[in-house]
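One-letter residues, chain by chain:
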2 protein chains.
Amino acid sequence: MLSRELIVDTALRLVGQQGAEALTVRRLGTALGADPSAVYRYFHSTDDLLLAIAEELIARAQDGWQATGNWRADLREIGLRIHAGYRAHPQAALLAAHRTTGRTHEIAAVEAILGILRTAGFPDREAVRIYHAFVDQSLGFAVLDAAALALPAAAQSADQRVWHASYARLDAGTHPHIAATAHLLAADMGRSAYQFALDLLLDAAEARLAAAR
Amino acid sequence: MLSRELIVDTALRLVGQQGAEALTVRRLGTALGADPSAVYRYFHSTDDLLLAIAEELIARAQDGWQATGNWRADLREIGLRIHAGYRAHPQAALLAAHRTTGRTHEIAAVEAILGILRTAGFPDREAVRIYHAFVDQSLGFAVLDAAALALPAAAQSADQRVWHASYARLDAGTHPHIAATAHLLAADMGRSAYQFALDLLLDAAEARLAAAR
DNA sequence: TGTACTACGTCAATTGCGTTGTCCTACGCT
DNA sequence: AGCGTAGGACAACGCAATTGACGTAGTACA
């Protein structure tokens, strides 16, 4: 017996194991032990299914979150949760992160973030702008980092080697700035820049809030 | 008589005119007045073709850029160029934005950005961190916005409609913050948040530079 | 001049995809 | 008992990427 939940869970597992290109109605049907067309009893189209997957990722990211009342800490926590949640399912994140679902869990997240900003004292117009920048920045980094994680292991280490090989060996005469910072670059580019970028965004938001008062 | 250049140019024109979903070997063949399979005489696969398109994009984005000496203005200009360049060709951006090529155009960009930051007075470690956050933020937003543009027209307008339909009709009792800002949300979510996010990042960087002195 | 080779394009076929319409079967309701 | 419906199977359509066999023109070379 199939169900929307079972199909979404199977799809996430399928994509996690076999990569993004495995998410087809036909392979999904095989994984479910059912005919591909059976999926259409529960989802209007593959796009509909994709939105359900996106919604599930949002739900998992928000699960168990509690506001502390400190707007900066709360926003930071939500950002890190979104980023971590999508990175946990890189292939699915690549497909789903840029979709607007308009469903309950997404709405709950929007309401929570807007609430944090407005309660903190941001004027409505400013709260909306910061909300938008915050969410898209989180999703953008999530997609980028997920894409790196979704690469085959060989391509992943090749990307990493570029910083130690190509960049570290550039001539100081033609590329003085890279030459001067090559060791720092090699160390930093292996990690995600999301945390630092998030703190920069929160710094800027805090400064604007102080200036508005 | 076909050629790699002619095919790449035709592909870019095709996508510019008919949208992301027009980039198929069959339609490309039709646009070239040739059999679809003729493309394979010049490119090993469609992925190969897309990489060639991506290279072309990098070249075009950098073309004609000049430093002014104002670090903030220079960084802003580079960010906007990257973002606009990728957004102009969404489907290629989706495939190319997260790859580290280590080729001449990419190296030139890295050197330029690091140079701007170090010349402005950022210490090396800080310059590298800001470089990383700046680049990944620009690429992240580019991917996200490109993905939205690469959607079929139907899905695109559906995403847009969500903000006017679902969100604008939520009850003020259960979702007070969304209800209070629904009109602002609908207006803001139709645009890219990149410019605002970029300005926030530059604000924060400027504050850190001032604090370090 | 004749031969062989290569570059370039066409043609036909294979495989996989999303999606749809039709059929079958089991179950709950009156 | 009869019947509607939910849930699944099956077959088919059209579009996609890709491939290998085939034709054709030009070109190098003996």
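Summary of the structure given here. Being a predicted model, the structure only gives us computed values, none of them experimental. (Residues numbered from 1 in each chain as written. Chains lettered and ligands numbered in written order. Predicted model: local features only at pLDDT ≥ 70, side-chain atom pairs only at ≥ 80, totals over all residues. Heavy atoms only, no water.)

### Details of the protein's contact with DNA strand D
Spelled out, the test is: One heavy atom within 4 Å of a molecule or strand is enough for the residue carrying it to be called near that molecule or strand. We define a polar contact as two N or O atoms separated by no more than 3.5 Å, with the added condition that, inside protein, one atom must be a possible hydrogen donor and the other a possible acceptor, whereas residues neighbouring each other in sequence contribute only through side-chain atom pairs. In DSSP terms, a helix is any run of H or I states spanning at least four residues, a strand is any run of E spanning at least two, and both are numbered starting from the N terminus.
Neighbouring DNA strand D are 17 residues, the closest being Asp 35, Ser 37, Arg 41 and Tyr 42 of chain A together with Tyr 40 of chain B. At the protein interface, 47% of the atoms of DNA strand D within 4 Å belong to sugar or phosphate. Between DNA strand D and Val 25 of chain B there is a distance of 3.1 Å, counted from a phosphate oxygen to a backbone nitrogen or oxygen. Here the element with the most residues in the surface near DNA strand D is helix H2 (residues 25-32) of chain B; it accounts for three residues.

### Notes on empty space enclosed by the protein
Unfilled space is identified by rolling a water-sized probe across the atoms. Residue and element names in this part refer to chain A. Condition: For each structure, a 1 Å grid was placed over the protein atoms alone; sets of points admitting a 1.4 Å probe that cannot get out are labelled cavities, open sets with protein on both sides within 12 Å along at least five of seven lines are labelled pockets, and lining residues have an atom within 4 Å of a point. Grid points are joined across faces, edges and corners, and a volume is the space filled by probe spheres set on the points. In this classification, the charged set is Asp, Glu, Lys and Arg, the nonpolar set is Ala, Val, Leu, Ile, Met, Phe, Trp, Tyr, Cys and Pro, and all remaining amino acids, among them Gly, are polar.
With the rule as written, the count across this model stands at one cavity of 30 Å³ or more. What lines the largest cavity is Val 25, Val 39, Tyr 40, Phe 43, Ser 45, Thr 46 and Leu 49. Grouping the amino acids of the lining of the largest cavity by side-chain chemistry returns five nonpolar, two polar and no charged.

### A few points about the protein's contact with DNA strand C
The environment of DNA strand C is made up of 18 residues, and the closest members are Val 25 and Arg 26 of chain A together with Asp 35, Ser 37 and Arg 41 of chain B. When atoms of DNA strand C within 4 Å of the protein are split into backbone and base, the sugar-phosphate part holds 46%. Within the side chain of Arg 26 of chain A, a nitrogen or oxygen atom sits 2.3 Å from a base nitrogen of DNA strand C. Counting residues per element, the surface near DNA strand C draws most heavily on helix H2 (residues 25-32) of chain A, which supplies three residues. Residue composition of the surface near DNA strand C, grouped by class: eight nonpolar, five polar and five charged.

### Description of the interface of chain B and chain A
Filter applied, for reference: Residue contacts follow a heavy-atom distance rule, with two residues in contact if any of their heavy atoms lie within 4.5 Å. By definition, a salt bridge exists where a carboxyl oxygen of Asp or Glu is found within 4 Å of a side-chain nitrogen of Lys or Arg.
Between chain B and chain A, the residue contacts involve 58 residues of the former and 55 residues of the latter. We note a salt bridge from Arg 208 of chain A to Asp 203 of chain B, for which the minimum N-O separation is 4.0 Å. Viewed at the interface, chain A and chain B are joined by ten residue pairs in polar contact (both at pLDDT 80 or more). Every element with two or more residues in the side of chain B that touches chain A is listed here: helix H6 (104-120), helix H7 (124-150), helix H8 (153-164), helix H9 (176-188) and helix H10 (194-212) of chain B. For the side of chain B that touches chain A, the class distribution of residues is 31 nonpolar, 14 polar and 13 charged.

### So, the nonpolar core
Defined as follows: Take the buried Ala, Val, Leu, Ile, Met, Phe, Trp, Tyr and Cys residues and link them wherever side-chain atoms come within 4.5 Å; each set so joined is a nonpolar core. Throughout, exposure labels follow a simple rule: accessible area from a 1.4 Å probe, protein chains only, divided by the maximum for the residue type, with under 20% read as buried, over 50% as exposed, and the rest as partly exposed.
Membership of the largest hydrophobic core comes to 117 residues, with the highest contact counts inside it found for Tyr 131 of chain A together with Tyr 131 of chain B. Non-local contacts of Tyr 131 of chain B, meaning those with residues more than four positions away in its chain, are made with Trp 163, Leu 185 and Met 189 of chain A together with Val 110, Ile 113, Leu 114 and Leu 117 of chain B. Formed by 19 residues, the second largest nonpolar core is a distinct cluster that contains Leu 14, Leu 32, Phe 43 and Leu 49 of chain B.

### Observations concerning helix H10 (residues 194-212) of chain A
For an α-helix, the turn length of 3.6 residues means that residues three or four places apart are oriented alike. What counts, and what does not: The length a helix should cover is 1.5 Å for every residue beyond the first.
In this model, H10 of chain A (19 residues) spans 27 Å end to end at C-alpha, consistent with the 27 Å of a helix rising 1.5 Å per residue. Those residues of H10 of chain A that fall on the buried side of the exposure criterion are Tyr 194, Phe 196, Ala 197, Leu 198, Leu 200, Leu 201, Leu 202, Ala 204, Ala 205 and Leu 209 of chain A. Considering only its buried residues, H10 of chain A is in contact with helix H4 (71-87), helix H6 (104-120) and helix H7 (124-150) of chain A together with H7 and H10 of chain B.

### Here we look at the packing of aromatic side chains
Residues and elements named next belong to chain A. Short version of the rule: Centres within 6.5 Å make a pair out of two Phe, Tyr or Trp rings, where for Trp the six-membered ring is used; the pair is then stacked when the planes are under 30 degrees apart, edge-to-face when over 60, and tilted otherwise.
Considering all chains together, one arrives at six aromatic pairs over all chains under this definition. Here Trp 71 and Phe 122 contribute two aromatic rings whose centre-to-centre distance is 5.3 Å and whose plane-to-plane angle is 85°, an arrangement assigned as edge-to-face. With Trp 71 in helix H4 and Phe 122 in the loop between H6 and H7, this residue pair connects regions lying 51 residues apart in the sequence. Accessibility assignment for this pair places Trp 71 and Phe 122 in one class, buried.

### What to know about the layout of surface pockets
Its volume calculated, the largest pocket comes out at about 1300 Å³. Along the walls of the largest pocket sit 47 residues, with Ala 97, Arg 99, Thr 100, Glu 106 and Leu 139 of chain B positioned nearest its centre. Among the secondary structure elements, those contributing two or more residues to the lining of the largest pocket are H7 and helix H8 (153-164) of chain A together with helix H3 (46-62), helix H4 (71-87), H6 and H7 of chain B. Tallied by class, residues from the lining of the largest pocket come to 26 nonpolar, eleven polar and ten charged. Volume-wise, the second largest pocket comes out at about 1100 Å³. Counting only elements with at least two residues in the lining of the second largest pocket, the list comes to helix H3 (46-62), helix H5 (90-96) and H7 of chain A together with helix H5 (90-96) and H7 of chain B. Per-element accounting of the lining of the second largest pocket gives the leading share, four residues, to H7 of chain A.

Keep in mind these values describe shape, not function.
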